[in-house]
Amino acid sequence: MPASYKKEHPQEQYDWIIIGSGLSGISLAAILSKEGKKCLVLERHYTAGGYTHVFKRRDYEWDVGIHYVGEVHRKEKMLARLFRYITDGQLEWEEMDEVYDQIIFGKERFNYVKGTENFKEHLKTYFPDPEDQAAIDKYVAMIRAASHASKDLFSKRALPPLANRLFGNFISRKANSYSRKTTREVLETITKNEKLIGVLTGQYGDYGMPPAQSSFIMHALLAKHYLGGGSFPIGGSARIFETVEPVIEKSGGKVFTNASVEKIIVKNGKAVGVKMSDGKEILAPKVASSIGVHNTYLGLLKDEPKIDKFKQQLEGTEASSAHLCLYVGMKYTAKELNINKTNLWIYPDNFNHDENMANYLADPDNAEFPLVYISFPSVKDPDWENRYPGKSTLEIITLGDYGTFKKWEDSRWKKRGEDYDAYKEKISQRLLQVLFKYLPQLEGKIDYYELSTPLSTKHFVNYQKGEIYGLVHTPERFEQSMLNVHTPIKNLYLTGQDIVTCGIGGALSASMITAMGATKKNIMKKIIEATN
Ligand SMILES: Cc1cc2nc3c(=O)[nH]c(=O)nc-3n(C[C@H](O)[C@H](O)[C@H](O)COP(=O)(O)OP(=O)(O)OC[C@H]3O[C@@H](n4cnc5c(N)ncnc54)[C@H](O)[C@@H]3O)c2cc1C
């Protein structure tokens, strides 16, 4: 169990302070602990885990930021190895069904079937035209190639700044040819079929940007990540923190919740510790921040002149989209409700995601949602029945605009006013209507629901615009030199979803890259050897 900073303060001397207890923060702490380092993890929320935390209401529990993770069920994959390494093999995963995602446009449904060949062959049954079928083959080859090339794009981020400046572009030259184009630009080189483009980008909500805006490398990484299907942590996503924490503690490390960092203390160009929101100072020879570049550079280091050189990049790199999530509880089993593990991606009856998004943003209160994602976490977790017998949960997500909620941003959680509650209720009903349209058997079975808004995300995880995925994943993002493990301040390092990409895979890989950059050791080789 983590300690609460409200009740006790760190007393010992630590080798590292790590700000934020999301997956990247705790994973970095676990990797460094295995290098014999004593790590102090400071988390401002009252629950540890960042987006991997769960919350409870009445007799239900929901996972906030994990619906499915790819590759973890394949022992030889780096992601599976990393999870085994940071948890000492204590975290278990349950695979989803053959159909991991179903893409729905109006009345038409398209299944994503696990396994590369199955994926291609099944998709071809919806697209009998030989030109489309050839495009599907090309598409899969392309996402595999781009995903492979991305390794260079991210590993260069562990290089010291000078080496990065001198050789970075050369190292990532293959990846640059994919990252500098939008998803739509690349897909249009293989097909002009809008329906095929719409279906192939049916998971765009996993990185929050429609095809004409997102970098193709982000799309490729995501689509390739799930080609082998998805998995869910047995016991729910809280098991991630529960299984990593003992590894951190083995080397004398400790995690504190309710521990909000206000400032990184810099002396003579070096990070020497942090100042907490209660004014207390905690010193350590090395500091890492996992709370995002905006929060780190514009928040914890806002008065630091060495950061000025990034000001332009920081201002030019927007936050990713925010989201609305309706957490739903039902007093029935999955069997009684006839629900399964497949995620549903529901779109308007128009295959052009960018148009759907533009229509929605022009009139968010009346236009159709550009996407609605429905996930059934209780069905995915084989341990759920032991913890919550006779109950089921689901989550309905759509993209949300922070601007719509700005007028309430200075109000307090749970006390934002009747107009806010009424607005939330209106959105909740709209989302339930979509649910009942596609799963009519659930009408009349809902026992509890609660909507989170971009303000909830800001309140709990501190993303200033309620963003889901840190920085936007545009082609420009992948050019930013500030997205590096090393900072202009000695002994201060960055990790987290901004350093690689959003997603569990991105956050976890970021922790390894940061550990490699900071220790100058081949940690990846060590992890592979330790998990053979
Ligand atoms: C709704 C939703 C669904 C998702 N679904 C999936 C999915 O199915 N599969 C997948 O792979 N990915 C998914 N993701 C993305 C994934 O969860 C994230 O990309 C990943 O967990 C980010 O990890 P992180 O460590 O970078 O950051 P975070 O988890 O955001 O951790 C940062 C932590 O820092 C803390 N913090 C912030 N400021 C301070 C401060 N000043 N002092 C101390 N602590 C601070 C925050 O409270 C937070 O705990 C989803 C995300 C969301 C929001």
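Residues numbered from 1 in each chain as written. Predicted model: local features only at pLDDT ≥ 70, side-chain atom pairs only at ≥ 80, totals over all residues. Heavy atoms only, no water.

## Considering the pairing of strand β17 (residues 343–347)
- Burial analysis of β17 places 5 of its 5 residues in the buried class, which makes it a mostly covered element.
- In β17, alternate side chains face the same way, and those of N343, W345 and Y347 on one face and L344 and I346 on the other are all buried.
- Bridge analysis of strand β8 (residues 99–105) against β17 gives 5 bridges, and the strand direction is parallel. Residue pairing in the sheet places I104 in a bridge with I346 of β17. (Buried < 20%, exposed > 50% of the residue type's maximum accessible area, 1.4 Å probe, protein only. Helix = DSSP H or I, 4+ residues; strand = E, 2+ residues; numbered from the N terminus. Pairing = 2+ DSSP bridges.)

## So, the side chain of T182
- Note that T182 resides in the loop between α6 (173–179) and α7 (183–187).
- Not counting chain neighbours up to four residues away, the residues in contact with T182 comprise P211, A212, Q213, S214, S215, F216 and P475. (Contact = heavy atoms within 4.5 Å.)

## Points about the nonpolar core
- L42, F83 and V274 are the most contacted members of the largest nonpolar core, which totals 140 residues.
- In terms of residue count, helix α4 (residues 130–155) provides more of this core than any other element does, 9 residues in total.
- Leaving out residues up to four positions away in the same chain, F83 has contacts with L23, V72, L91, W93, I240, I504 and L508.
- Core analysis: the next-biggest nonpolar cluster, separate from the first, contains 33 residues, I104, V372, L431 and L455 among them. (Core = buried A, V, L, I, M, F, W, Y, C linked by side-chain atoms within 4.5 Å.)

## Some thoughts on helix α14 (residues 353–362)
- If you check which residues of α14 are buried, you get H353, D354, N356, M357 and Y360. One side of α14 carries all its buried residues, which in axial view fall inside an arc of 160 degrees.
- Considering only its buried residues, α14 is in contact with β8, α7, α8 (194–200), β17 and β19 (392–400).
- Taking the backbone nitrogen of D354 as reference, a side-chain oxygen 3.0 Å away marks N352 as the first, capping residue of α14. (Arc of directions from axis to C-beta. Polar contact = N/O pair within 3.5 Å; in protein donor to acceptor, adjacent residues only side chain to side chain.)

## Considerations on the sheet that holds strand β20 (residues 446–452)
- One open sheet holds the 7 strands; their spatial order is β9-β8-β17-β18-β19-β16-β20, and the pairing between them is mixed. Every interior strand has two partners, whereas the edge strands, β9 (108–113) and β20, have only one. Strand-to-strand, the axes of this sheet are offset by a mean angle of 20 degrees, without reference to chain direction.
- The sheet contact formed by β8 and β9 spans 6 bridges and is antiparallel. Looking across to β9, one finds that D101 is bridged to Y112. (Axes fitted to C-alpha atoms, helices over the stretch in contact; angles between N-to-C directions.)

## Here's the deal with the pairing of strand β4 (residues 54–57)
- Two strands pair when backbone bridges link them, and β4 and strand β5 (residues 60–63) are joined in this way by 4 bridges, in the antiparallel orientation. By the bridge assignment for β5, F55 is matched with W62.
- Hairpin connection of β4 to β5: 2 residues between the antiparallel strands, including R58 at a positive phi of 45 degrees.

## What to know about the pattern of salt bridges
- Inspection of the entire model under this criterion finds 34 salt bridges.
- In this structure, the salt-bridge partner of E479 is R180, at a minimum N-O distance of 2.8 Å. Of the two residues, E479 sits in the loop between α19 (454–461) and β21 (492–494) while R180 sits in the loop between α6 and α7, which places them 299 residues apart along the sequence.
- Taking the relative accessible area as the measure of exposure, E479 reaches 39% and is therefore partly exposed.
- A single salt-bridge network, built from bridges that share partners, covers K56, E61, D381, D383 and R387. (Salt bridge = Lys/Arg side-chain N within 4 Å of Asp/Glu carboxyl O.)

## Description of the sheet that holds strand β10 (residues 230–233)
- In spatial order, the strands read β6-β10-β7; together these 3 strands make up an open sheet with antiparallel pairing. With partners counted over all chains shown, the strands left at the sheet margins are β6 (69–70) and β7 (93–95), one partner each.

## Quick notes on the domain arrangement of the protein chain
- Its domain assignment divides the protein chain into domain 1 (3–58 + 75–91 + 234–317 + 471–530), domain 2 (114–228) and domain 3 (321–341 + 376–461).
- Every contact between the two is made by 12 residues of domain 1 and, on the other side, 15 residues of domain 3.
- Between domain 1 and domain 3, roughly 1,200 Å² of surface is buried when both sides are summed, and carbon and sulfur atoms account for 56% of that area.
- Broken down residue by residue, the surface that domain 1 buries against domain 3 is led by Y51, R57 and R58, which jointly contribute 37%.
- Counting across the interface, domain 1 meets domain 3 through 5 residue pairs in polar contact (both at pLDDT 80 or more).
- Per-class residue counts for the side of domain 1 that touches domain 3 are 4 nonpolar, 4 polar and 4 charged. (Domains from an automatic or database assignment. Buried area = accessible area lost by both parts, 1.4 Å probe. Nonpolar A, V, L, I, M, F, W, Y, C, P; charged D, E, K, R; others polar.)

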